[in-house]
Amino acid sequence: MTVTVDVAALRIAERIASTIDPVFAMIDDWRTRLEASLAAMPEPSAASFDPVVAELVGEPLERAGSLITGAGFVAAPGYLADAPWHLEWWLSGANTFGTGAGLRRLDAVSDPDSEQFRDYTGLEWWRVPARTGTRHLTGPYVDYLCTDDYTVTITVPVAVGGTMVGLVGTDLYVASLERELLPVLRESGHPCTLVNASGRIVTSTDPRRATGALLRLDGLAEALAPLREREGAASAESAELPDGAIVVPCGDTSLALVFES
């Protein structure tokens, strides 16, 4: 069924996509560079590969006005010869996790015998890209591993010889996204809520709709199903809910605008 979409809603969705698209492009570039570096290594190791990752993500993390607060590479278990479990993840000076300041490497527990160890392959930001082979946006969720705050994590598989050997990705504070996107949502004068493909709220002009909560509207889950099935493919179409609200995909971000009259 063809849905007539308010021009203002389309413009807002486009502006949301244009805010996040540069982050996607940056991660895709990182993946290309890391795949080339790993393919050139006879025996990839953390000792040889970590400096490559650090050099790649360090400047973007510290760039003025950057949306990202953490970035790096997470290895498939057993891939790196000297580090069976390994996160080469860097935190920006804007990241308030822990007690550190300035650009710094995440101090992750990599010993599976430790009580503090966490198998990251069971987490959504690993599990979904590993299954689909494509980019995935996780969140908003409270990230107790890297930010200790509401976060959106974007990850994409890194492959060598057709085999996934890890992920490259980045973290964004939801608060930073809100500062960028909430003024855009308010411009139309209509109630607007930005949700992920599962219907969790990223930000909303309605202060009663809390970040991370599920937006419960009749028909919303069905309207968002194409985003979940296609992992945010741009071919997903707008849909109208029974109460008259319009759900507009925001490009290929796997986010959607819920625009109410």
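Look up a bit, the structure's there.
First, a word on what this report is: a plain description of the structure on this page. This one's a predicted model, so the numbers in the text were calculated from it and none came from an experiment.

Brief notes about the nonpolar core
Within the largest apolar cluster, 51 residues are counted, with the highest numbers of intra-cluster contacts made by Ile12, Ile16, Trp30, Phe73, Ile154 and Leu257. No other element matches the twelve residues that helix α1 (residues 7-39) contributes to this core. For leucine 257, the contacting residues outside a window of four places in its chain are Ala9, Ile12, Ala13, Leu185, Cys192, Thr193, Leu194, Ile246, Val247, Val248 and Cys250. Counting 16 residues, the second-largest nonpolar core is a separate cluster that includes Val195, Leu217, Leu227 and Ala245.

Topic: the sheet that holds strand β11 (residues 255-259)
Strands sit in the order β8-β7-β11-β10-β9 across an open sheet of five strands; the sheet is antiparallel. Since the sheet does not close on itself, it has two edges, and those belong to β8 (201-204) and β9 (239-240), each with one partner. Direction of pairing for strand β7 (residues 192-196) relative to β11: antiparallel, over a ladder of five bridges. What sits directly across from valine 195, in β11, is alanine 256. This element, α1, spans β7, β10 (246-249) and β11 of the sheet and lies at about 155° to β11. Its contacts with the sheet place helix α4 (residues 174-186) against β7, β8 and β11, and it is angled at close to 45° to β8.

Here is what the cut-offs are and how they apply
Along every chain, residues carry numbers that run from 1 in the direction the sequence is written. Local features are withheld for residues below a pLDDT of 70 in this predicted model, meaning they are given only at 70 or higher, and side-chain atom pairs are given and counted only at 80 or more; totals for whole chains, interfaces and linings count all residues. Calculation of side-chain values draws on the structure's entire complement of heavy atoms; hydrogens and water are dropped beforehand. The term nonpolar core refers to a set of buried residues drawn from Ala, Val, Leu, Ile, Met, Phe, Trp, Tyr and Cys, joined through side-chain atoms within 4.5 Å. Think of it in three bands: residues with accessible area under 20% of the maximum for their type are buried, residues over 50% are exposed, and the middle band is partly exposed, with areas taken using a 1.4 Å probe on protein chains only. Each helix is a run of H or I in the DSSP string that is no shorter than four residues. Each strand is a run of E no shorter than two, and both are numbered from the N terminus. It only takes one pair of heavy atoms within 4.5 Å for two residues to be counted as in contact. DSSP bridges decide pairing: two strands pair if at least two such bridges lie between them. With axes taken as lines fitted to C-alpha atoms, and helix axes fitted only over the stretch in contact, angles between N-to-C directions fall between 0 and 180 degrees.

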